[in-house]
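# Architecture and fold: a report
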Amino acid sequence: LFRVHPQHAGAAKRPRTSSANPVARGIGRLANQPAHVAAGRVHTDSPTHSTPAKRMATAAAPIARSKRGGHTSSSSAAALFYPFRALGYITESAPFAVQRRGTESFVTVSAGKAWQIYNCDKLRLVMVGPQFPADITALAAKGDLTYAGVGRDIVVCRRAHRVCTLEGHAATVTHLFAFGTNLISVCAGGRVLSWDMSRDAIDHLDGHRSGASKRAADLAKASMATDKAQNTQDDPDSNDADNSKGEQSDDRDTDTDIDEGDAGKPRPSEFILPDGFECTAVCHPDTYLNKMLLGSSDGRLLLLNIVTGRNVHIFLPEAMGNTSGAAVTTLENSPALDTMAVGLSSGRVLIHNILVDKRVVDFGHDGSGKPVRCCSFSSGQGEPMLAVGGDSGTVSVWSLEGKRLRSLITGAHDGAVVAAHFFPGQPVLMTAGGDNAVKQWIFDNQDGSARLLRFRAGHSAPPTHVTFYGEGKRLLSAGGDRALRVFSTIQDQQSKELSQVNVERRAKKLKLAEQELKLPPIRGIAWCEVRERDWANVVTCHVGEPRAYTWRLSNGVLGEHVLVPPSKVGRDGVSDKGKPVCSVAVSACGNFAVIGTEGGDVHRFNLQSGQHRGAFKRTAAEEGKTAETTSAPTGPRRQLNLRGGARSIWNMADKSYGMSGSGNARTAPAHVGAVAAIATDGSNKQVITGGSADGMVRVWNFAAQHLEGEMDTGCGVQLMSLHKPGALVAAAGVDMVVRVLDVAGMRRVRSLKGAKTPVRALEFSSDGRWILAATIDGAVLVWDVPAARLLQTMRMSADSPVVGLRT
């Protein structure tokens, strides 16, 4: 989400337009309502700084404001928009960090360029960290401090405020481990550094100082004052000019030699590891004072003393049963002393006793052979268990007493399982995956299997369509994961996925992935909130589907009606099943849905009953064919079966004179080729359609379903947006030009150029003065409609272009 910059929220300094201008008559003055741009997983390229504290306190997601000129094509102009919130971003590939504060547990997860903290009891969002210049690769938490690996640096935050940045690694930071007052960091190059994170070492960086540090600072200040007084008494002959000059010289030397940003930062201590030992995992064995256990890419383990830096012992892979020398991917401490779980890249898990250097047991995970990414031991009463997750997305649970497989959670995540954690004393397992989800599983079934307790999830694939719903407090989003989700901009826990009728149960029964049973990817969404509590009020069309589906947003489920256009019967008597539906719209009253097909047909349906209520068609004359205009056409007459024969009064009342009347009948489809877009006005009087092949924008009478007028754009229409209060239509063509059409005057009033690639999303601002367009190269263009000029171009990440845009 982006907000209009406060500098551009008003229209006091905007140029006035003449009342004779047709655009000025069609649109009003600029309102003070903020516009938003919705995008899926968009990262800005420019550096950002945090917003005021008041806005930060009221938001429940990462907030940042772009620097002046950061997102624009001109460095001297102020940005029209600044980043506001990130929705649907739950977690990424970096493992989470869990810590207990008092009686509650909290989990810190990475969400792109910021971290988020959830309460583990309800999985409610409680805190969001600042925005970083790059994605987070590693996380650790200790007390009020949160450590985030960002590229080669480590950013230290106290609660939601950044304290300092630790620099020392030459490669990307991959692991962070908070060990007492020390922070152990590992980079992709295998280097292991130790940082002093004690209160005396970092409290002075953000103004939080302990009693000891305050006393030490007071003593240093008093000592400096005593030395200065002694120096003054030792040189009584020095004049004021010399003293003044000497003081200025001392100040200049101090500012030159000491960098205020680096003053007082903790300095790392690097450990010297054995030759060829590239660290890939880190853990602390319980009761081993000042000891860390490191895993390497060649299968070795190293017990390291972090105080003396001495290599205590090296565990060879042959002694552990790792004869292939597979890389160590994860290490986990068990409740039993001296026992560790070692996850390997070969898909095996070894339980090893590090006191006697002996293997205890060997588990095979799920048999897929994919690398193991995380392990966790249960504690407390009940059967001791070990949960293992890996790249296959399956979680295997092993019984440590019986040394056997206890249960298997197939398809726990659509991607790799990157983190797992058993809560102490509870049969509850929390997992995080690469599918943008955090889930909690409870083992309370009679057969010992687990069931899903609670979860927070977003799209597991990038969004493809995004639209605001109602007053902007909710968003409807469709993604490549075939899911339709609703996101709340106020409370994150109200976000949910709309159900597709027992997909999970059917997938388990048929032993298939849930995604295989879901509807095809969505290609269009339409809604109206007027009848939300009465019947289905959301309509979607899907890739390759010759029908449209309805959804009940109030219940969060698939609707009871499927909108299927009536089939056509050809001359050979064969029924045509119809072309795929490619565009949808819902009337302002919420009673009707209008759908368009790739064959050019446009149909109207009643949403309450799901019945077909007519089609928008053209006559032969409107289609361009020649038609007879004589009052009494000649040709073969119809065979009439009327009472009285050919001279009867019934035959004389036939206005067609016995002819077929095909010239006046509406039989031609609405467009030649696919219907690219459909829009309805706010008073249920008109329907506007755009054709992708014929390049025509046609206006239809909603009630009579006949053509009122048409406008030729000269090229195929890709997208279309209607500004209902001003009766203006913006149509984006295949020539990358956005044309503004006046529906009342049936003419083109503006042509907006500037897009370098085809337009992927198009939208009017709420007041109609601006048109926003997103292109496939990651650019968002903003045009001033009355002035017909490009205001600014906002460059997004080329890897994550904007796929949806709404105001």
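Note that the structure is predicted; figures quoted are calculated from it, not measured.

## A few points about the overall build of the chain
The number of helices and strands found in the chain is nine helices and 60 strands. For the chain, the proportion of its 807 residues judged to be buried stands at 50%. For the chain, the proportion of contacts with a sequence separation of at least 24, taken over those separated by at least 6, is 46%. Carbon and sulfur atoms make up 48% of the accessible area of the chain, which amounts to about 38,200 Å² in all.

## Quick look at the confidence of the model for the chain
Chain-level pLDDT for the chain is 80 on average; 77% of the residues reach the 70-or-more range. Low pLDDT (under 50) marks residues 11-76, which in the prediction has 168 contacts with non-local residues, meaning those over four places away or in another chain. Within the model, the stretch residues 235-262 combines pLDDT values under 50 with three contacts to residues more than four positions away or in other chains.

## Let's talk about the sheet that holds strand β52 (residues 707-712)
Spatial ordering of the open sheet is given by β49-β50-β51-β52, a layout of four strands whose pairing is antiparallel. This sheet does not close on itself; its edge strands, each paired only once, are β49 (675-680) and β52. When strand polarity is set aside, the average angle formed by the axes of neighbouring strands in this sheet is 15 degrees. Of the strand pairs in this sheet, strand β50 (residues 686-691) and strand β51 (residues 696-701) are connected by five bridges, and their pairing is antiparallel. When the bridges of β51 are listed, Q686 appears paired with N701.

## With respect to the pairing of strand β59 (residues 779-784)
Most of β59 sits out of view: six of its six residues are buried. Neither face of β59 is open: one carries A779, L781 and W783, the other V780, V782 and D784, and all of them are buried. The pairing of strand β58 (residues 770-775) with β59 spans five bridges and is classified as antiparallel. The residue of β59 that forms the bridge with A774 is V780.

## Considering the sheet that holds strand β15 (residues 192-196)
Ordered by their spatial adjacency, four strands build an open sheet running β13-β14-β15-β16, and the pairing between neighbours is antiparallel. Looking at the sheet topology across the chains shown, the edges are occupied by β13 (173-179) and β16 (269-270). When β15 meets β16, the two strands line up antiparallel, connected through two bridges. The partner of L193 across the bridge, within β16, is E270.

## What about the pattern of salt bridges?
The final tally for this structure, using the stated rule, is 20 salt bridges. One salt bridge connects E560 with R552, and the closest N-O pair in it is separated by 3.2 Å. Here D735 makes a salt bridge to R739, at a shortest N to O gap of 2.5 Å. Overall, D735 belongs to the partly exposed group, its relative accessible area being 30%.

## Quick look at the side chain of T394
Of note, T394 is situated in the loop between β26 (385-390) and β27 (395-399). Non-local contacts of T394, meaning those with residues more than four positions away in its chain, are made with H365, D366, V388, G389, L408, I409, T410, G411 and V417.

## Here's the deal with the packing of aromatic side chains
Under the counting rule described, the total for this entry stands at six aromatic pairs. Taken together, a centroid distance of 4.6 Å and an interplanar angle of 20 degrees make the contact between F363 and W398 stacked. Taken together, the residues span a long stretch of sequence, with F363 in strand β24 (residues 358-363) and W398 in strand β27 at a distance of 35 residues. Owing to a relative accessible area of 11%, W398 belongs among the buried residues under this scheme. Judged by centre distance (6.0 Å) and plane angle (70 degrees), the ring pair of F616 and W700 falls under edge-to-face. Of this pair, F616 sits in strand β46 (residues 612-616) while W700 sits in strand β51; the two residues are 84 residues apart in sequence, bridging distant segments of the chain.

## Considering unusual backbone geometry
Notably, R159 is not glycine yet its phi reads approximately 55 degrees, a positive angle. Note on R159: relative accessible area 47%, which makes it partly exposed. In this structure, H365 is a non-glycine residue whose phi angle is positive, near 55 degrees. Among the secondary structure elements, H365 is positioned in the loop between β24 and β25 (372-377). Accessibility expressed as a relative area gives 4% for H365, which makes it buried.

## Overview of the environment of V782
Position of V782 among the secondary structure elements: in strand β59. Its relative accessible area of 2% is what places V782 among the buried residues. Distance from V782 to F764, taken between C-alpha atoms, is 9.7 Å for residues 18 residues apart in sequence. Look past the residues within four positions of V782 in its chain and what remains in contact with it is L80, F81, W770, I771, L772, R789, L790, L791 and Q792.

## Side note on the side chain of E532
Mapped onto the secondary structure, E532 falls in the loop between β37 (522-527) and β38 (538-542). Its relative accessible area of 13% is what places E532 among the buried residues. With residues near it in sequence (within four places) discarded, E532 still touches Y469, R474, N537, L553 and S554.

## Quick notes on the pairing of strand β39 (residues 548-552)
It is a general feature of regular strands that their side chains alternate between the two faces of the sheet. Burial analysis of β39 places five of its five residues in the buried class, which makes it a mostly covered element. Burial of β39 is two-sided: the residues A548, T550 and R552 facing one way and the residues Y549 and W551 facing the other way are all buried. Two strands pair when backbone bridges link them, and β38 and β39 are joined in this way by four bridges, in the antiparallel orientation. Bridge pairing in β39 places T540 opposite Y549. The turn linking β38 back onto β39 is made up of five residues, and G544 within it adopts a positive phi angle of 75 degrees. Two strands pair when backbone bridges link them, and β39 and strand β40 (residues 557-563) are joined in this way by four bridges, in the antiparallel orientation. Within β40, the position partnered with Y549 by the bridge is V562. Between β39 and β40, which pair antiparallel one after the other, the connecting turn spans four residues, and G556 there sits at a positive phi close to 70 degrees.

## Overview of the state of the cysteines
One pass over the structure, following the stated rule, counts zero disulfides. With no disulfide partner, C279 has as its closest neighbouring cysteine sulfur the one in C187, 9.2 Å distant. Classification of C279 by relative accessible area gives buried; the value is 4%.

## What to know about the environment of P268
By the element assignment, P268 lies in the loop between α5 (240-257) and β16. Relative accessible area serves as the criterion here: at 33%, P268 is assigned to the partly exposed category. Separated by 74 residues in the primary sequence, P268 and S194 place their C-alpha atoms 5.4 Å from one another. If sequence neighbours within four positions are ignored, P268 has contacts with L193, S194 and W195.

## With respect to the environment of K370
In this structure, K370 sits in the loop between β24 and β25. If we ignore the near neighbours within four places in the chain, the residues touching K370 are S345, S346, G347, D391 and S392.

Rules behind the numbers
- Residues numbered from 1 in each chain as written.
- Predicted model: local features only at pLDDT ≥ 70, side-chain atom pairs only at ≥ 80, totals over all residues.
- Heavy atoms only, no water.
- Helix = DSSP H or I, 4+ residues; strand = E, 2+ residues; numbered from the N terminus.
- Buried < 20%, exposed > 50% of the residue type's maximum accessible area, 1.4 Å probe, protein only.
- Contact = heavy atoms within 4.5 Å.
- Areas by Shrake-Rupley, 256 points an atom, 1.4 Å probe, with all protein chains shown as cover.
- pLDDT = per-residue confidence, 0-100.
- Pairing = 2+ DSSP bridges.
- Axes fitted to C-alpha atoms, helices over the stretch in contact; angles between N-to-C directions.
- Salt bridge = Lys/Arg side-chain N within 4 Å of Asp/Glu carboxyl O.
- Phe/Tyr/Trp six-rings, centres within 6.5 Å; stacked < 30°, edge-to-face > 60°.
- Disulfide = S-S within 2.5 Å.

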